[in-house]
Amino acid sequence: MHDYHVHSNYSDGRFLPRMLAAAESAGLDGVGIADHCNVSERSPMATFKRQYGFNLDITYERRREAIASLRERYDLDVYDAVEMDYDPREEDAIRAFLDTAGFDYAIGSVHDVEGRNLHDERYFGEKSESERDAVAERYVEKLLGLIESELFAIAAHPDLIERNPALRGRLTEDHYHDIAAAFADSRTVPELNAGRATEDYGAFHPSEDFLAVLREYDVGVTVGSDAHTPEAVGENTDALAETVENRGLDPVVLSV
């Protein structure tokens, strides 16, 4: 199994050697180090990335050297990847950066709506029911833009808003069909993401209902632990392997 979505100390994960050692111990055939990256110069995104150290746009070459120096130490393929925040207003900047950086592959993510992180329970919880529905619509619009942009090999956690209790259940069957149809027409592949499957959220992305719709459109999935700690690599890999087997999935393997 290839885990295409692991973080390191080059964003909000633990030290790179520890993450690679954990991937090897978990029995993975390949692991993609896909640290967070944002090329926006708009506030508050530009401020956020500097405050929290999400600076892969200026450190990716140093990380690439580190990955190259560590590859022979571990018995698995190690991919030099990126998880890029997507906003339609930054498409040109994202494309230019990805063309310049030359990662093995790029993961696209929608993490915010209205300039607020989608995990912000207080902010979204203070909205009315109709306003929360509008947030879900905006999320889907951004996700569709991500898919249709053809900038990314993988779309991360395609129903991320389910993690937030204030937004949970806002995605409809129509949303699932719209998103699945877009994936069917794109090179971008959704991932089976275990980032919160063993934690508070307790479920995978996409949900079982969403995954069923993706199957209707013959859309496959890649596998990503979305691990930020060595412990999560092992725990999430086990959970993913069990889920892949139980659901009869044949995960997509990227050509990298």
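These remarks concern the structure in this document. (Residues numbered from 1 in each chain as written. Predicted model: local features only at pLDDT ≥ 70, side-chain atom pairs only at ≥ 80, totals over all residues. Heavy atoms only, no water.)

## Observations concerning the packing of aromatic side chains
Taken as a whole and assessed by the stated rule, the structure comprises nine aromatic pairs. Considering the side-chain rings of Tyr4 and Tyr79, the 6.1 Å spacing of their centres and the 20° angle between planes classify their relative orientation as stacked. With Tyr4 in strand β1 (residues 2-6) and Tyr79 in strand β3 (residues 77-85), this pair connects stretches of sequence that are 75 residues apart. Comparing Tyr4 with Tyr79, the two get one shared label, buried. On the basis of an interplanar angle of 85° and a centroid distance of 4.9 Å, the ring pair of Tyr123 and Phe124 is categorised as edge-to-face. Residue classification places Tyr123 among the partly exposed residues on the basis of a relative accessible area of 22%. Through successive ring pairs, a cluster of aromatic residues spans Tyr4, Tyr79 and Tyr105. The ring of Phe103 has Arg64 sitting right over it, with the charged end atom 5.5 Å from the ring centre. (Phe/Tyr/Trp six-rings, centres within 6.5 Å; stacked < 30°, edge-to-face > 60°. Helix = DSSP H or I, 4+ residues; strand = E, 2+ residues; numbered from the N terminus. Buried < 20%, exposed > 50% of the residue type's maximum accessible area, 1.4 Å probe, protein only. Lys NZ or Arg CZ within 6 Å of the ring centre and 35° of its normal.)

## Side note on the packing of helix α1 (residues 16-25) against helix α3 (residues 56-70)
One can describe the packing of α1 onto α3 by two numbers: an axis separation of 11 Å at closest approach and a directional angle of 45°. In this view, α1 runs oblique relative to α3, as classed from their interaxial angle. Here α1 runs over α3; the crossing is right-handed. Residues Leu16, Pro17 and Leu20 of α1 touch α3, and the partners they reach there are Ala66, Ile67 and Leu70. Of the residues assigned to the contact of α1 with α3, the class counts are six nonpolar, no polar and no charged. (Axes fitted to C-alpha atoms, helices over the stretch in contact; angles between N-to-C directions. Parallel < 35°, antiparallel > 145°, perpendicular 65-115°, else oblique. Left-handed = near helix turned anticlockwise from the far one by under 90°. Contact = heavy atoms within 4.5 Å. Nonpolar A, V, L, I, M, F, W, Y, C, P; charged D, E, K, R; others polar.)

## Section: the pairing of β3
Of all nine residues that make up β3, eight are buried, and the element is covered over most of its length. Across eight bridges, strand β2 (residues 30-37) lies against β3 in parallel orientation. Bridge assignment links Asp35 to a residue of β3, and that residue is Val82. Judged from the five bridges that link them, β3 and strand β4 (residues 105-109) form a sheet pairing that is parallel. (Pairing = 2+ DSSP bridges.)

## Quick notes on the nonpolar core
Core analysis: the biggest nonpolar cluster contains 72 residues, and Met84, Phe97, Leu98, Leu118, Tyr139 and Phe152 have the highest contact counts within it. For this core, the element with the most residues is helix α6 (residues 129-149), which contributes eight residues. What Tyr139 contacts, discounting residues up to four positions off in sequence, is Val110, Val113, Leu118, His157, Pro158, Asp159, Leu160 and Ile161. Core analysis: the second largest hydrophobic core is formed by ten residues, Tyr4, Tyr79, Tyr105 and Ala156 among them. (Core = buried A, V, L, I, M, F, W, Y, C linked by side-chain atoms within 4.5 Å.)

## Some thoughts on the pattern of salt bridges
This model, assessed by the stated rule, comprises 23 salt bridges. A salt bridge links Arg64 to Asp80, with the shortest nitrogen-to-oxygen separation between them at 2.4 Å. One end of the pair, Arg64, is in helix α3; the other, Asp80, is in strand β3, with 16 residues separating them in the sequence. Assessed through its relative accessible area of 25%, Arg64 is described here as partly exposed. Among the salt bridges present, the one from Asp87 reaches Arg89, with a minimum N-O distance of 2.9 Å. Here the residues in one salt-bridge network are Arg42, Asp87, Arg89, Glu90, Asp112 and Lys142, joined through shared partners. (Salt bridge = Lys/Arg side-chain N within 4 Å of Asp/Glu carboxyl O.)

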